[in-house]
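# Overview (structure and organization)
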Amino acid sequence: MGKLLEVNNLSISFTQYVQGLNRHDSKVISDLTIEVDESEIVAVLGSSGSGKSLLAHSILGILPYNSKVTGEIKYKGQVLDQELKEQIRGKEISLIPQSVNYLDPLMKVSEQAIGECEDEKEHAERKIIQREVFNKYGLDESVDDLYPFELSGGMARKVLLSTALVRDPTLLIADEPTPGLDKKSVEETIKDIKNLKDHGKGVLLITHEIDVALKTADRIAIFYSGYVIEINTVENFKDAEKVLHPYSKALINSLPKNGFKLTEGVQPLDEVPGCPYYENCPIRLDKCANSKPQLEEHESIMIRCFNYKGVNDGA
Ligand SMILES: Nc1ncnc2c1ncn2[C@@H]1O[C@H](COP(=O)(O)OP(=O)(O)OP(=O)(O)O)[C@@H](O)[C@H]1O
Ligand SMILES: [Mg+2]
């Protein structure tokens, strides 16, 4: 399988001015590495504020102006610079944005889904596909001529979803596509995402719902405080024994069927000198306080932890 998306050592920080001229850089994504292959769905799972949307926005080239980015993003082996991002976004790479604010308030929703198109024949062809996709999500013809402000929240989410699918993307970045949707539309969304995969496409599925990730994805990447701490298969994620990071184990144990054993503590907001999970970690070593583990490969699992084997080496 060919690689569609490669994100290598991506870091994103924001420069902010606190109390007048005091410059403060806050790092929100650190040394992030992740890949999506053809015919693969990779879920990015992390709690609120862990940097999931920023990852999506950096791939699409829509980060805010005060962000500083290092690292590399490749699409089909080619470095994605800003020019290429702008060229292919909405076409080869589509985003289902997290917020309905991404809809253009001045444009009818059907025209947004069809996209800019001068050629009459192509426009007519796209119109047919747009109607089919809208129909599938229960958006009837009367919706086509509406403007975003005339939509209910649920309808707006369905319009965002449909809009990303009309152009038949090769890579779909879905940023929390399901919250707020009725059960039928959630099932429909999961089916569509899987359908893309069956047609050789790749999907980066951003979610904080572990059950959606388990139902949909092939691999799951766990975000913690702007770091990827583990990338493992969905099969392994069904069993706390088969994941390596203590935070991944805690996440699995927090599922309803495992009795909601929730993790304690909060993710650090500021850059810490050691492992970001140090404060909450049940298997921490002394060295974890002041040095950061790198993402390393262990039997095809990517893991960022000094002590994942559970062996206290006395370091
Ligand atoms: N323009 C900005 N300037 C400064 N900090 C920002 C900016 N945008 C986002 N952040 C910070 O970056 C961090 C990650 O934000 P992001 O929106 O990617 O989180 P998320 O994982 O998508 O959360 P959620 O699950 O709530 O959508 C947050 O702490 C946020 O406050
Ligand atoms: Mg988000």
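Preceding this paragraph is the structure being described.
Residue positions are given per chain, counting from 1 as you read along its sequence in written order. For naming, the first written chain is A and the first written ligand is 1, with later ones following in the order written. In keeping with the model being predicted, local features are shown solely for residues with a pLDDT of at least 70 and side-chain atom pairs are shown and tallied solely at 80 or more, while totals for entire chains, interfaces and linings include all residues. Computation of side-chain values: all heavy atoms of the structure, hydrogens and water removed.

### Focus on the pattern of salt bridges
Put simply, the rule is: Whenever a carboxyl oxygen of Asp or Glu lies within 4 Å of a side-chain nitrogen of Lys or Arg, that contact is scored as a salt bridge. Each helix corresponds to a stretch of at least 4 residues labelled H or I by DSSP, and each strand to a stretch of at least 2 residues labelled E; elements are numbered beginning at the N terminus. Exposure categories follow from relative accessible area, calculated using a 1.4 Å probe and restricted to protein chains: below 20% of the type maximum is buried, above 50% is exposed, and the middle band is partly exposed.
Applying the stated criterion across every chain yields a total of 17 salt bridges. Note that aspartate 144 is salt-bridged to arginine 131, the shortest N-O span being 2.9 Å. Residue aspartate 144 is found in helix 5 (residues 141–144), and its partner arginine 131 is found in helix 4 (residues 120–136); the two are separated by 13 residues along the sequence. The salt bridge partner of glutamate 235 is lysine 238, with a shortest N-O separation of 3.5 Å. For glutamate 235, a relative accessible area of 54% puts it in the exposed group. Of the residues examined, lysine 238 reaches a relative accessible area of 45% and is grouped as partly exposed. Shared partners join several salt bridges into a network, and the residues in it are Lys127, Arg131 and Asp144.

### Observations concerning the packing of aromatic side chains
Selection criterion: Only centres within 6.5 Å qualify two rings of Phe, Tyr or Trp (six-membered ring in Trp) as a pair; their planes then separate them into stacked at under 30 degrees, edge-to-face at over 60, and tilted for everything else. Placement of a positive charge over a ring is assigned whenever Lys NZ or Arg CZ falls within 6 Å of the ring centre and within 35 degrees of the normal to the ring plane.
Applying the stated rule across the entire model yields three aromatic pairs. Between the aromatic rings of tyrosine 224 and tyrosine 247, the centroid separation amounts to 4.6 Å while the plane-to-plane angle is 65°, which identifies the pairing as edge-to-face. Of the two residues, tyrosine 224 sits in strand 9 (residues 219–224) while tyrosine 247 sits in helix 10 (residues 246–253), which places them 23 residues apart along the sequence. When its relative accessible area of 2% is taken as the criterion, tyrosine 224 is described as buried. Note that arginine 284 overlies the ring of tyrosine 278, its terminal NZ or CZ placed 4.6 Å from the centroid. Over the ring of phenylalanine 306 we find lysine 287; its NZ or CZ atom is 4.3 Å from the centre of that ring.

### With respect to the nonpolar core
Which entries qualify depends on this criterion: What makes a nonpolar core is a set of buried Ala, Val, Leu, Ile, Met, Phe, Trp, Tyr and Cys residues whose side-chain atoms join them at distances within 4.5 Å. By convention here, the domain bounds are inherited from an automatic or database domain assignment. Pairs of residues are marked as contacts when any of their non-hydrogen atoms sit within 4.5 Å.
The biggest cluster of nonpolar side chains holds 54 residues, and the ones touching the most others in it are Leu151, Leu172, Ile220 and Ile222. Broken down by element, the residue count for this core peaks at seven residues, all from helix 6 (residues 153–166). Each of domain 1 (3–17 + 25–92 + 169–303) and domain 2 (103–168) contributes no fewer than three residues to this core. Beyond its immediate stretch of four places on either side in the chain, isoleucine 220 contacts Ala43, Leu45, Ala213, Leu214, Glu230, Ile231, Asn232, Val234 and Phe237. Counting residues in hydrophobic clusters, the runner-up holds 33 residues, among them Val42, Leu80, Leu84 and Phe223.

### Observations concerning the site of ligand 1
Here is the rule: If even one non-hydrogen atom of a residue comes within 4 Å of a molecule or strand, that residue is called near it. N or O atoms within 3.5 Å of each other form a polar contact, as long as, within protein, one can give a hydrogen and the other can take it, and as long as residues adjacent in sequence are counted only when both atoms are side-chain atoms. Shrake-Rupley sampling with a 1.4 Å probe provides the accessible areas, and residues are treated as covered by the protein chains on show and by no other component. Ten residues, namely Ala, Val, Leu, Ile, Met, Phe, Trp, Tyr, Cys and Pro, are considered nonpolar, four, namely Asp, Glu, Lys and Arg, are considered charged, and the remaining ones, Gly among them, are considered polar.
Taken together, 15 residues sit near ligand 1, with Ser48, Gly49, Lys52, Ser53 and Gln98 positioned nearest. Within the contact set of ligand 1, an oxygen atom lies 2.8 Å away from a backbone nitrogen or oxygen of glycine 49. One of the backbone nitrogen or oxygen atoms of leucine 54 is found 3.0 Å away from an oxygen atom of ligand 1. If ligand 1 stood free it would expose 640 Å²; the protein chains cover 68% of that surface. Taken together, the elements giving at least two residues each to the shell around ligand 1 come down to strand 1 (3–18) and helix 1 (52–60). Broken down by element, the shell around ligand 1 gets its largest block of residues, three residues, from helix 1. Looking at the shell around ligand 1 residue by residue, the classes come out as four nonpolar, nine polar and two charged.

### What to know about the coordination of the magnesium ion (ligand 2)
What counts, and what does not: In this description, a donor is an N, O or S atom within 2.8 Å of the metal centre, a cutoff extended to 3.2 Å for sodium, potassium and calcium. Water is not part of the atom list, which can make sites seem incomplete.
For the magnesium ion (ligand 2), the protein coordination sphere consists of Ser53 (OG) and Gln98 (OE1), at 2.0 to 2.1 Å. Of this pair, serine 53 sits in helix 1 while glutamine 98 is found in the loop between strand 6 (93–96) and helix 3 (109–114), placing the two residues 45 residues apart along the sequence.

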